[in-house]
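As a plain string of letters, each chain reads:
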Amino acid sequence: MTSPRLMVFRAFACGSLAVLSSCGGARTYEQSYSRDRDNWSFRDRYPAADRLFNAFDYGHAILSETLVRHPTDAARRLEGPVYRQLTCGVLRHPPRVPLEERAVGPMYGTAFPEAVATFEWAHMLHRQIYDVIATEAFSTDERDDRVAAALRYYRTRPDLALSAAPKSMSLMEGQPYSLAFRHTAPKFNGLIWSYHWLQMALYDALLGAPDPPTRQEVVARDVERFMRMTTEAGKYAPTVMPMSAAVAPVFTERYPEAAAIFDNLHSLHDVVSDILASPRVPSGEKRAAILTALARYRDATAFTTTREEWLSMSRDMGGVDTTSVGASSADCR
Ligand SMILES: [Cu+2]
């Protein structure tokens, strides 16, 4: 049953927009991953890391849902009980299978189905590329062909595919709502950046290791580094947005288009959180602002920057301190 509150919210969101797609039923439809012989090879070989990705999906969904459902109280909830639930519960015992984002965030999913579909489609590309790279038998040429095929498949959905053109910083940081989320919920923002760090770091871990046992070791090392970022109130979490060229230089060099798409994905996550968190975007205008942001990130000509600028921007952002220390669960007692 739809709660009265949800109905009010939905009527409100639908009454105020120019594009009526979700109000009479969304125009986006779901599409599965491309069937390949390497499907699920990352999950088979690196189950601990794969399960963390499921936990990340949950974390993104609960974040958006909290911002939508509790607009006046979101920061307190996110920095307190939700952060604790994620770092002490979900990330320590991550789900075995990917979650239905609309089940975790029903209000968010109802109001912004295009955002949910865009993120799901990009996450599918992430997973397909992990599968390709995790299949050790591939020679480099074959691997390059398969990554190119995954990108072609991704682009068969121009309504969902993010641009491979590097975007200028002004798209993320120069809008009226920019930085609202990281200012209201800095600890939670650091947690999201830790997710994005691990997602990129694993590509270089896999690409740099010469044989399967070493791959297991470096993947485990990065998972441990990630877990450390979730301890001591996020003290070790990234303090700048992790960008591909800094976190995964080998991957970025070899697969620049995929790297730019993932940077766009991760910065779009931040932008959607900013729009939802910002009091400067009234609730009746949030949907229009999110649809505009989605369109800009799909568009290969809007807010672009040069490859050189993008690379130097990424390097300025820097990596993170990844000195390895065992993760402690002290904060969860
Ligand atoms: Cu993300």
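Residues numbered from 1 in each chain as written. Predicted model: local features only at pLDDT ≥ 70, side-chain atom pairs only at ≥ 80, totals over all residues. Heavy atoms only, no water.

Caption draft 1: Quick peek at the overall build of the protein. Along its length, the protein carries 17 helices and 0 strands. Looking at the 333 residues of the protein, the share that counts as buried comes to 55%. For the protein, the exposed surface amounts to about 14,300 Å²; the carbon and sulfur share of it is 55%. (Helix = DSSP H or I, 4+ residues; strand = E, 2+ residues; numbered from the N terminus. Buried < 20%, exposed > 50% of the residue type's maximum accessible area, 1.4 Å probe, protein only. Areas by Shrake-Rupley, 256 points an atom, 1.4 Å probe, with all protein chains shown as cover.)

Caption draft 2: Main features of the coordination of the copper ion. Surrounding the copper ion are the protein donor atoms His60 (NE2), His196 (NE2) and His269 (ND1), which sit 2.0 to 2.2 Å from the metal. In the primary sequence, the donor residues of the copper ion line up as H-x135-H-x72-H. With His60 in helix H3 (residues 47–69) and His196 in helix H11 (residues 186–208), the pair connects residues that are 136 residues apart, well separated along the chain. Side by side, His60 and His196 carry an identical accessibility label, which is buried. (Donors = N, O, S within 2.8 Å, 3.2 Å for Na, K, Ca; no water.)

Caption draft 3: Structural context of the packing of aromatic side chains. Overall, the coordinates contain 17 aromatic pairs when judged by the stated rule. Between Phe53 and Tyr130, the aromatic rings sit 4.9 Å apart at their centres with planes inclined by 20°, giving stacked as the arrangement. Separated by 77 residues along the polypeptide, Phe53 in helix H3 and Tyr130 in helix H7 (residues 113–134) bring together distant segments of the chain. For the pair shown, Phe53 and Tyr130 are each scored as buried. (Phe/Tyr/Trp six-rings, centres within 6.5 Å; stacked < 30°, edge-to-face > 60°.)

Caption draft 4: Quick peek at H7. Compared with the 32 Å implied by 1.5 Å per residue over 22 residues, the 31 Å span of H7 between its first and last C-alpha is a close match. Summarising burial for H7: 20 of the 22 residues are buried, a large majority. (Expected span 1.5 Å × (residues − 1).)

Caption draft 5: Representation of the environment of Phe226 in the model. The topology assignment puts Phe226 in helix H12 (residues 212–229). Expressed as a C-alpha distance, the spacing of Phe226 and Ser194, which sit 32 residues apart in the sequence, is 6.5 Å. If sequence neighbours within four positions are ignored, Phe226 has contacts with Leu52, Phe56, Leu91, Ser194, Tyr195, Trp197 and Leu198. (Contact = heavy atoms within 4.5 Å.)

Caption draft 6: Highlighting the pattern of salt bridges. Under the definition given, this model contains 14 salt bridges. One salt bridge in this structure joins Arg182 and Glu173, with 3.4 Å as the shortest N-O distance. Put simply, Arg43, Asp50, Asp57 and Arg127 are held in one network by salt bridges that share partners. (Salt bridge = Lys/Arg side-chain N within 4 Å of Asp/Glu carboxyl O.)

Caption draft 7: Structural context of the environment of Ala288. Checked against the element boundaries, Ala288 lands in helix H16 (residues 286–298). A C-alpha to C-alpha distance of 9.8 Å links Ala288 and Phe112, two positions 176 residues apart in sequence.

Caption draft 8: Up close: the nonpolar core. Ranked by size, the top nonpolar core spans 97 residues in total, and within it Phe42, Leu86, Ile129, Phe188, Phe226, Phe251 and Phe262 carry the most contacts. Among the elements that line this core, the one with the most residues is H11, at 13 residues. Each residue touching Leu86, except ones within four places of it in the same chain, is listed here: Tyr58, Gly59, Ile62, Leu91, Phe188, Leu191 and Tyr195. (Core = buried A, V, L, I, M, F, W, Y, C linked by side-chain atoms within 4.5 Å.)

Caption draft 9: Inspection of the packing of H3 against helix H4 (residues 74–90) at higher detail. Where H3 contacts H4, the axes come no closer than 11 Å and their chain directions differ by 160°. Regarding the angle of H3 to H4, the classification is roughly antiparallel. Relative to H4, H3 is oriented so that their crossing is right-handed. Side by side, H3 and H4 meet where Ala55, Tyr58, Gly59, Ile62, Leu63, Thr66 and Leu67 of the first sit next to Ala74, Arg77, Leu78, Val82, Gln85, Leu86 and Val90 of the second. When its residues are assigned to classes, the contact of H3 with H4 shows 10 nonpolar, 3 polar and 1 charged. (Axes fitted to C-alpha atoms, helices over the stretch in contact; angles between N-to-C directions. Parallel < 35°, antiparallel > 145°, perpendicular 65-115°, else oblique. Left-handed = near helix turned anticlockwise from the far one by under 90°. Nonpolar A, V, L, I, M, F, W, Y, C, P; charged D, E, K, R; others polar.)

Caption draft 10: Representation of the environment of Leu265 in the model. Within the secondary structure layout, Leu265 lies in helix H15 (residues 256–277). Its relative accessible area of 0% is what places Leu265 among the buried residues. Counting along the chain gives 142 residues from Leu265 to His123, while the straight-line C-alpha distance between them is 8.8 Å.

Caption draft 11: Main features of H12. Counted at 1.5 Å a residue, the expected span for H12 with its 18 residues is 26 Å, and the 26 Å between its end C-alpha atoms agrees. Listed as buried for H12 are Arg215, Val218, Val219, Asp222, Val223, Arg225, Phe226, Met227, Arg228 and Met229. Those residues of H12 that are buried lie in contact with H3, H7 and H11.

Caption draft 12: Geometry of unusual backbone geometry. Residue Leu179 is not a glycine yet carries a positive backbone phi of 70°. Phi is positive for Glu232, close to 50°, though the residue is something other than glycine. Examined against the element boundaries, Glu232 turns out to sit in the loop between H12 and helix H13 (244–247). Note on Glu232: relative accessible area 37%, which makes it partly exposed.

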